[in-house]
Each structure stands twice: as C-alpha cells, then as structure tokens.
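# Per-entry structural report
What follows is the residue order along each chain.
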Number of protein chains: 2
Amino acid sequence: MFRLSNRLGKQSQLRFYSNTYGHLSARKQSLIAQSGLYPAGFKASGVAAGIKKNKNSDVALVVSELPCSAAAVFTTNKFQAAPVLVSKETLSQNNDKVFAVVTNSGCANAVTGAQGIADAKKMRSIVDELTNQSLSALTMSTGVIGQNLPMDKIEAGIRDAYANLSSEHKTGWAKAAEAYMTTDTFPKLRSGEFSLQNTKFRMAGIAKGAGMIHPNMATLLGFMVTDAYVKPDLLQKALKYAVDRSFNSISIDGDMSTNDTISVLANGASNVRIESEGSDFEAFRDHLTQFAAELAQLVVRDGEGATKFVTLHIKGAETFESAKKAASHIATSMLVKTALFGQDANWGRICASLGHSGVDVDPSRVSVKFVPTDGSEHLNLMVKGEPEKVDEERASEILKMEDLQIEVDLGLGNSETKFWTCDISHEYVSINADYRS
Amino acid sequence: MFRLSNRLGKQSQLRFYSNTYGHLSARKQSLIAQSGLYPAGFKASGVAAGIKKNKNSDVALVVSELPCSAAAVFTTNKFQAAPVLVSKETLSQNNDKVFAVVTNSGCANAVTGAQGIADAKKMRSIVDELTNQSLSALTMSTGVIGQNLPMDKIEAGIRDAYANLSSEHKTGWAKAAEAYMTTDTFPKLRSGEFSLQNTKFRMAGIAKGAGMIHPNMATLLGFMVTDAYVKPDLLQKALKYAVDRSFNSISIDGDMSTNDTISVLANGASNVRIESEGSDFEAFRDHLTQFAAELAQLVVRDGEGATKFVTLHIKGAETFESAKKAASHIATSMLVKTALFGQDANWGRICASLGHSGVDVDPSRVSVKFVPTDGSEHLNLMVKGEPEKVDEERASEILKMEDLQIEVDLGLGNSETKFWTCDISHEYVSINADYRS
C-alpha cells in the first residue's frame, strides 16, 4: 500500500524547518520527545504545504499498513467544523477499517458553509486514492476560523506527506507533530511500550494546543495510535473514559473550539487483542488514560503565554461532577489566572470563583491551601471558612515555582478530581490580539 | 439630625485629592460629572481614612434627612461578603426607615469569617449612633478579599464623612463617588430630574467597577437615591426590573464578585408618591432602568484596561433568556475580547463562542455583522451560516472606533437583547497581576 517509489522520488523535497526550539526554557525543551517507541505498522509524516504564512509545516499524515478499528470524541460546539462533521460521517460508516488520520494546521475549515464540507471530503478522498481504500481517513483541521482551505496547497501537501511517510522518529513522527502546531511553542508527541496478554504493545500520540482550550464532553486536536487491537465499541468506551480524565480536565482560556477532536486508531499489529470487557480491557483503558493525561498536560504546559502549570485538586465534593464543575470554574477565572501570573497570593479570588461556580458550597466548610510541588510543607490560606494569617513571604516562595498545586476542600463529601490549568499573561493577550496578522 | 456643629468643626480637615483626571482620554474625561441635579434631602461625602495604601479617599457616606424606603439586589455568589449579609439583615428588619448607605473601598470584608460580620455590623452601628436611628444604614465594602477591615480607620473615617456631608456636587457627591473607586480610573456619578404626577423629582446614583464584573441575578457595587417616594415592595420590583436590563447585562471579565450590591433609597422629599402599580409605577421604573443602564455602561467604559466599548445586539432568539445567555457567553470569551483589543475582524471566534454558549443554535441560520456607531453602513461577516468575503480594510476601519456594535441574528425567533462589554488588554493583565501590591 505504501508507494515507496513515490516516497524516494520526493526525498529531495524535504523542507528545512526554521522552527527549532533553542529559545525555549530548559523546562519546555525537556518536554520535547527526542526519540520514541512507535507502534508497529504505522508511519507518519509532516510537510510544509504553504498554508501557514510563516512557511512552517502544516500538513500531517499518519497511515497504518493494516486496517484499524477507530474511535473519536468531538467538540460539542454547535458550530462544528467541516472536518468534524466529515470525520463523524466516516466513523459512522466505517469504524473498523480506517487507515489514516490527515490533518492540516493554518486554517480550521470551520464556519465555512457548504464549501467547507466539500473541502473536508476532498481531503479524505485524496487519502482514499493514495491508500486505495474507501472512507479511509479521519480529517482534522486547525487554525483560523471562517476561511476556506486553499485546496491546491492542501492536495499537493497530502500527496507530499504520503510520499514522505516514515516509521522513524526524526523523519516521521517528529515531523507530523510539528505540522500540528499553531501557536504551540513545541511539538507534543508521546510514545510508549506496555505489556498485556504477555505481549508487548505500543502507543503513540500527538496533541496540539494552545488557545481556545476548554474542552467539554469532547476536546481539542489530537490522536493516539496503538498496535494493540481493540474492538471499535470498546475502543470508543476506553477513549471516552480516558478523555474525561485527561483532555476534558484542562482549561487554558475557557474558549471551546469548533474543531476539537481526539481520535484513536488500533491496528492490532502487536497481537494484543481486546475483544471483550474485563481486566485486559481495563488495563488497556488505564494505559490509554495515563497516556492521554500526559498529552493533555503537555497542552496546558504550552498554554498560550503561560508561565505556570497549575494543578487544581478539588476534594471533599459530594460528587465527581460537582468537583469537576468547581475546578473548571476556578480554572477559567481571569482573576485567579492573572493573580497566578502576578505570583500574588490573592486566594480570595479562588473563593469568589468557587462561590460563582454553580456548585452548592457552604463557605463555613471550605478550606484552601497551596501545596508546593517540591515536597516542602503546604500553606493553609483558609480553614473551614476562616481566613488564616497568611505568611506572605512563604506564599510568594511557593508562587515563584513553575509548578503549583492548589487544594480546595469543600468539606461536603468524599469525591475529588484533579484539573490542570495555567495562568494568563500579557503574552496571551498579544498572541490572540494579533493571531491573524 | 445632621450635626452641623461637628461638620463645621472638621472643615479644616478636608483632604487634598491627588487623583485628578488630566491623564485620561478626552472621551473618558467627558464622562465625569462636573455638576448635578441631586435629590432633595440627601447629603453625601467621601473622605480618605487611610484604608487604601495610596491615600485616596475610601469612605463614602450618603445620608437622607427623611426616612427612606429601601430596596437592594445582592450577589448570588455563595461566598457573600459580610456587608452583603448584614445589609440583607437590615433590609429584612427595616426596609422603610433607612437613612444611609455607608461604603468603604480598599478592603472588601469578604471571606472574613465571624470577625467580618462583627465589623460590618459595627459600621452600621456607628451610623446608627450618628443619625440617632436604629438599623439605619446599608453597608457596602469593596477591595481585596480575605482581609479584615482596619476598624479604627473605618470608624474615624465614618465619623469624618458624617461631619463632612454636603448636598453640593463638588463638596459632597463628587467626593462620595471618588471614595467608591478601586481600579476605576474615573468616578461614576449620575443625576437627573424627571417629572411624574405633575411634580418634579430627581435621582442620583454612584457605581463602581472595574474588575470582577459579571453580575448574575445581582450585580456590582452601586446605589441610587431619589426624592420620589416609592413603597418598599414596589421599589424592590422596579429595582429588579432595572437591574436585569442594566447591571445584569454587562460583563468585563466574567468573574462575579462576593460583594455585588445595588441599592436604591427613596425619601419622598419631592412629593412624588408611588404606592401602587400602574402607569406612574411603570414610568418611574423605566426612568430607574434608563438611569441604571447609564451607570452600568459607565462601568463597562471604565473596564480594567479596556480600549473598546462593545454593544452586543443579539436578535432572532427564541426567548429573552436565550438571547441573554448567548450574549453573556460571547461577552466573556477571552478570544473575542483579545481580537477586539487587536482590532482583528476574527469573527469566527464570535461563532465559536456562540456555539459553546449552551443556547440552541442552528449554524445555518446565524448571521453576524459589525454595525458602525458613526452611522455608516454595516458590514456583513456571515449571512445564514455562509461566510462573506469580508472587506478587511472596511472591517479594520470599523474596529478602530472606540464604540462598536456587533449584531448576531440567530434566525430562530423574535426575542432580542443588548449586552455591553469591553475588550481585554495587556493592561487588564497588569492591573490584576499586581492588584494587591
């Protein structure tokens, strides 16, 4: 199925990438995958098709040699983008013989009317032609909303990407991850090897941020692939579970995209086969969840303009849902986020946001503390509704750390959740004021 | 009731105010009241009691010579501040013989536990002593959350304010409005004369912003006074109606305060008396609504760091509530607000936010346009779900204007609403990162 002749023929066209990462902090650089253990039977590529003005790579393709079972979750935004609608159609007609995920950045193909649907279908049919399959590809687009795709560039890009598919880290996966980036400052690529049924299997995944991130029910742009085989209905179930505990538990700016999509393809090349519920299914699901959480956290760490990675730990809630609702509300408070940016222990804003979250709260039972991530002692800010005399020097010490945990105990029950978010800085405003320029 | 001897005895202590407004734009300066027509029987004052670090005035007092009927709406935040709880108690026990509103800025007395309640009651009892009445004052506080009031300064400030009460603009009302300010860049004071029952009556009002502004059911800090008499239950009804169409239709940053309070006192000094429903009541209610809308819009115009005053006009909704829900969601989108700051016609973000608002939307019926406030022709951005080829030059021309109207037609029904908001700028981030410093 892979047209190797084409691929070799176009090797000379490999782009020079100007987006190296030497300017990033050491912390961020350490998050960029330098190698990987990729699932058998998958190849990946990323090329620059000229959709982005800055000439960075903007078309990614991942193709499996074997047919895959496929599952996906999508944005619940009423303005679902054309690639979302088309991918839904693909899955409803074919969720056990999917071969590819094709993605472009630089243009979201969202709010593009009838032309948008035709363009997304065209992306799929180009892959169908290349793989000699039918309904073979899930489509994803990210970038500016309200503009049509430049289809000449897209078509040439997909053909170029197909010709350059590789199973290697540097020439394949790393390039695909780069083609996902919009305002992201680094590519988000993870892979790993696990064991089930006395057999090793692998997973790989790519995600992107970095703004319009506040998934709900569905999530942002990303995919995972594995060489385990998982029946489509079980794959969907595992994905839903994983996403609820990963991509649906993050917020950067409270805005939900029109394009949010997370998909997973499972091609079975590893001989791990999961065809029924039970302990194997649960083990796979938990691996997928851990994997998704790691990718989701990468998205938050690269939040537009973010200087802090904040874990909100909500405890003592009556239900998981109320804990998550409270967390989501606090995570989107502009005043909480700007105080974190200012390294200001203005914890009253956490209470104000909690009180406005719609969750039933009894102020006299609420406790709030900072939990330092270096293992040093926590700092109580409020205990059961009574404010503490806060040691401002110690608070400031904790707030200087890049990673921070805030613990809010509602004092009402035994449910809890963790939610990941970041601060809002001047840079966030700059990035989004000038996004289309 | 006014202890004129005290008042004259303290004239020498009048503060020098360093907060003049020469540095503001001509537009903002034009919004500062230079004179007024104030209701009979009311006096006002504002003094610097040393609560604010910058020594600006921070205690305001408004006192009526006659007993007033009183009404108020309060924040629905679960963490209601002590002054809110105490004012509620005052109104529940005495809504027809209220004499005063006492306010401090610089400290919100919110999330302050049992001590906070005692302090708010103490503010009220100081006014009781000065006016020789019982449960005579509504209390309001604004500023940092989670810190206790400096009661020595508060007490001296209230006594000082009482001694300096004046019915004049410059020595009374303008000073009270200044004492309400926190991050506000100008005082928000309005007054006017109306006619009912062949009798003239007046209203005056003060409001404050400028952050943590996203009222819901209740609203931010402000009050209105009138020399009409309106029965307490009707006054409450008129206030609820007015606030729904004014203070509850604005958002600066999506954060709801713990202290939101709008109250109205009616002392009847004008001989206008409204004791039953009917056309007089409705006329009064509509005056109050207009008046409240003007004050609310002043709050948005002075939104923290705001450079734009944006009217969202949602049309074609199935209900008033769904129109308002859509408006509120769009008004709080960080991406819409940063695009407005950047003067970028990134209208897709408006659709993305609408689609995430929870309102039932059919994308193929939605139209979006910019309506210039200079009377020139509107610019279609999307018509019934299909994107227009947007004239970017014209869009940029419109986005350069300080005042902007965005019209979103849902194409589903006949209900509509207007909602006022502003952009989010670097300055907003600076103000809120460093708020307590």
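Quick caveat: nothing in here was measured; it's all calculated off a predicted structure. (Residues numbered from 1 in each chain as written. Chains lettered and ligands numbered in written order. Predicted model: local features only at pLDDT ≥ 70, side-chain atom pairs only at ≥ 80, totals over all residues. Heavy atoms only, no water.)

What follows covers the sheet that holds strand S16 (residues 403-409) of chain B. All names here are of chain B. The seven strands lie next to each other as S9-S17-S12-S16-S13-S14-S15, forming an open sheet whose pairing is mixed. The sheet is open, and its two borders are formed by strand S9 (250-251) and strand S15 (386-387), each paired with just one other strand. Where S9 meets strand S17 (residues 415-422), two bridges bridge the pair, whose relative direction is parallel. Looking at S17, one finds that Ser251 is bridged to Thr421. In the packing of helix H9 (residues 320-331) onto the sheet, contacts are made with S9, strand S12 (309-317), S16 and S17, and the angle to S17 comes to roughly 20°. (Pairing = 2+ DSSP bridges. Helix = DSSP H or I, 4+ residues; strand = E, 2+ residues; numbered from the N terminus. Contact = heavy atoms within 4.5 Å. Axes fitted to C-alpha atoms, helices over the stretch in contact; angles between N-to-C directions.)

Under the fitted operation, chain B is carried onto chain A by 0.0 Å of movement along the axis and a turn of 180°, and the coordinates agree to an RMSD of 0.0 Å. The symmetry that links the two subunits is that of a two-fold axis. In terms of proximity to the rotation axis, the leading residue of chain B is His426 of chain B, whose C-alpha is 2.5 Å off the axis. Counting the interface residues of chain B, we find that 100% of their copies in chain A are interface residues as well, pointing to one common contact surface. (Least-squares fit on C-alpha atoms with pLDDT ≥ 70 in both.)

Turning to the nonpolar core, a few remarks are in order. Residues Trp173, Phe223 and Leu265 of chain A together with Leu354, Val368, Ile406 and Val408 of chain B are the most contacted members of the largest nonpolar core, which totals 68 residues. With six residues, strand S2 (residues 59-74) of chain A is the largest single contributor of residues to this core. Excluding its chain neighbours within four sequence positions, the residues that come into contact with Val368 of chain B are Ile350, Cys351, Leu379, Asn380, Leu381, Met382, Ile406, Glu407 and Val408 of chain B. Counting 67 residues, the second-largest nonpolar core is a separate cluster that includes Ile350, Val361, Val368 and Leu410 of chain A. (Core = buried A, V, L, I, M, F, W, Y, C linked by side-chain atoms within 4.5 Å. Buried < 20%, exposed > 50% of the residue type's maximum accessible area, 1.4 Å probe, protein only.)

All names here are of chain A. In the predicted model, chain A carries a mean pLDDT of 86, and the fraction of residues at 70 or more is 91%. Taking the mean pLDDT of every element in chain A, the minimum, 30, falls on helix H1 (residues 4-9) and the maximum, 98, on helix H5 (residues 151-163). Below pLDDT 50 for its whole length, residues 1-18 participates in 38 contacts with residues either more than four positions away or in separate chains. With pLDDT under 50 throughout, residues 215-219 is counted as low confidence; its partners more than four residues away or in other chains account for 24 contacts. Quick note on the complex model: pTM equals 0.74, ipTM equals 0.70. (pLDDT = per-residue confidence, 0-100.)

Time to look at the packing of aromatic side chains. Counting across every chain of the model gives 10 aromatic pairs over all chains. Measuring from centroid to centroid gives 5.8 Å for Tyr180 of chain A and Phe223 of chain A, while their planes differ by 40°, and the two rings are tilted. In this pair, Tyr180 of chain A is assigned in the loop between helix H6 (169-179) and strand S5 (188-196) and Phe223 of chain A in strand S7 (residues 221-226), connecting sequence segments 43 residues apart. This pair shows no difference in class: Tyr180 of chain A is buried, exactly as Phe223 of chain A is. By the ring-pair criterion, three or more aromatic residues cluster together here, those being Phe194, Phe201, Phe284 and Phe291 of chain A. Sitting over the ring of Phe186 of chain B, Lys188 of chain B keeps its end group 4.5 Å from the ring centre. (Phe/Tyr/Trp six-rings, centres within 6.5 Å; stacked < 30°, edge-to-face > 60°. Lys NZ or Arg CZ within 6 Å of the ring centre and 35° of its normal.)

Residues and elements named next belong to chain A. Segmentation of chain A into domains returns domain 1 (31-302) and domain 2 (309-434). In this structure, domain 1 and domain 2 have C-alpha centres spaced 32 Å apart. On the side of domain 2, 16 residues touch domain 1, which itself brings 15 residues to the contact. For the pairing of domain 1 and domain 2, the buried interface totals around 1,300 Å² over both sides, and the portion due to carbon and sulfur atoms is 59%. Contact with domain 2 buries surface across domain 1, with Ser249, Val300 and Arg301 losing the most and accounting together for 35% of the total. Linking domain 1 with domain 2 are one salt bridge. Note that Arg301 and Asp403 form a salt bridge whose closest N and O atoms lie 2.7 Å from each other. Within the residue set of the side of domain 1 that touches domain 2, elements represented by two or more residues are strand S9 (250-251) and helix H8 (279-301). Sorting elements by how many residues they give to the side of domain 1 that touches domain 2 places H8 first, with three residues. (Domains from an automatic or database assignment. Buried area = accessible area lost by both parts, 1.4 Å probe. Salt bridge = Lys/Arg side-chain N within 4 Å of Asp/Glu carboxyl O.)

The subject of this paragraph is the pairing of strand S3 (residues 98-107) of chain B. All names here are of chain B. Of all 10 residues making up S3, nine are buried, and the element is well covered by its neighbours. Both strand S2 (residues 59-74) and S3 contribute to a ladder of six bridges, which runs antiparallel. Looking at S3, one finds that Ala60 is bridged to Thr103. Sheet analysis places S3 next to strand S4 (residues 137-144), joined by eight bridges and oriented parallel. Looking across to S4, one finds that Asn104 is bridged to Ser141.

With that out of the way, let us pick up the sheet that holds strand S13 (residues 367-372) of chain A. Residue and element names in this part refer to chain A. Pairing is mixed across the open sheet formed by seven strands, whose spatial order is S9-S17-S12-S16-S13-S14-S15. Edge positions in the open sheet fall to S9 and strand S15 (386-387), since each of these has one partner strand only. When S13 meets strand S14 (residues 379-383), the two strands line up antiparallel, connected through three bridges. The residue of S14 that forms the bridge with Val368 is Met382. Contacts from helix H9 (residues 320-331) reach S9, strand S12 (309-317), strand S16 (403-409) and strand S17 (415-422), with the element oriented near 20° to S17. Most of the contacts of helix H12 (residues 392-399) go to S13, to which it runs at about 55°, and overall it touches S13, S14 and S16.

This part takes up the interface of chain B and chain A. Taken together, the contact pairs 58 residues of chain B with 58 residues of chain A. Both faces combined, the contact of chain B with chain A buries some 4,700 Å², and carbon together with sulfur accounts for 60% of it. Where chain B touches chain A, the interface holds two salt bridges. Linking Asp360 of chain B and Lys78 of chain A is a salt bridge whose minimum nitrogen-to-oxygen distance equals 3.2 Å. Here chain B is connected to chain A by 11 residue pairs in polar contact (both at pLDDT 80 or more). When the residues that make up the side of chain B that touches chain A are grouped by side-chain class, the tally is 26 nonpolar, 22 polar and 10 charged. (Polar contact = N/O pair within 3.5 Å; in protein donor to acceptor, adjacent residues only side chain to side chain. Nonpolar A, V, L, I, M, F, W, Y, C, P; charged D, E, K, R; others polar.)

Per the counting criterion, the structure on display carries 40 salt bridges over all chains. Residue Lys315 of chain A pairs with Glu407 of chain A through a salt bridge whose shortest N-O separation is 3.4 Å. One end of the pair, Lys315 of chain A, is in strand S12; the other, Glu407 of chain A, is in strand S16, with 92 residues separating them in the sequence. For Lys315 of chain A, a relative accessible area of 27% puts it in the partly exposed group. Residue classification places Glu407 of chain A among the buried residues on the basis of a relative accessible area of 11%. A salt bridge links Asp302 of chain B to Lys188 of chain B, with the shortest nitrogen-to-oxygen separation between them at 2.6 Å. Here Lys188 of chain B lies in strand S5 (residues 188-196) and Asp302 of chain B lies in the loop between helix H8 (279-301) and S12, a separation of 114 residues in the sequence. For the pair Asp302 of chain B and Lys188 of chain B, a shared accessibility class is recorded, and that class is buried. Among the charged side chains, a salt-bridge network with shared partners connects Lys28, Asp184, Lys188 and Asp302 of chain A.

Time to look at the pairing of S2 of chain B. Residues and elements named next belong to chain B. Summarising burial for S2: 13 of the 16 residues are buried, a large majority. In this sheet, strand S10 (residues 261-266) lies alongside S2 in antiparallel orientation, the contact comprising six bridges. Opposite Ala72, over in S10, you have Ser263 as the bridge partner.

Glancing now at the packing of helix H4 (residues 113-131) of chain B against helix H5 (residues 151-163) of chain B. Residues and elements named next belong to chain B. Packing of H4 against H5 brings their axes to within 10 Å, and their N-to-C directions diverge by 30°. What the angle tells us is that H4 and H5 run roughly parallel. Once H4 is placed against H5, the crossing between them reads as right-handed. For the pair formed by H4 and H5, the contact residues are Asp119, Lys122, Met123, Ile126, Val127, Glu129, Leu130 and Thr131 on the first element and Met151, Ile154, Glu155, Ile158, Arg159 and Tyr162 on the second. (Parallel < 35°, antiparallel > 145°, perpendicular 65-115°, else oblique. Left-handed = near helix turned anticlockwise from the far one by under 90°.)

A positive phi angle, close to 50°, is found at Leu135 of chain A, a residue other than glycine. Mapped onto the elements of the fold, Leu135 of chain A is located in the loop between helix H4 (113-131) and strand S4 (137-144). One non-glycine residue, Asn198 of chain B, adopts positive backbone phi at about 55°. Along the chain, Asn198 of chain B falls in the loop between S5 and strand S6 (199-207). Relative accessible area serves as the criterion here: at 82%, Asn198 of chain B is assigned to the exposed category.

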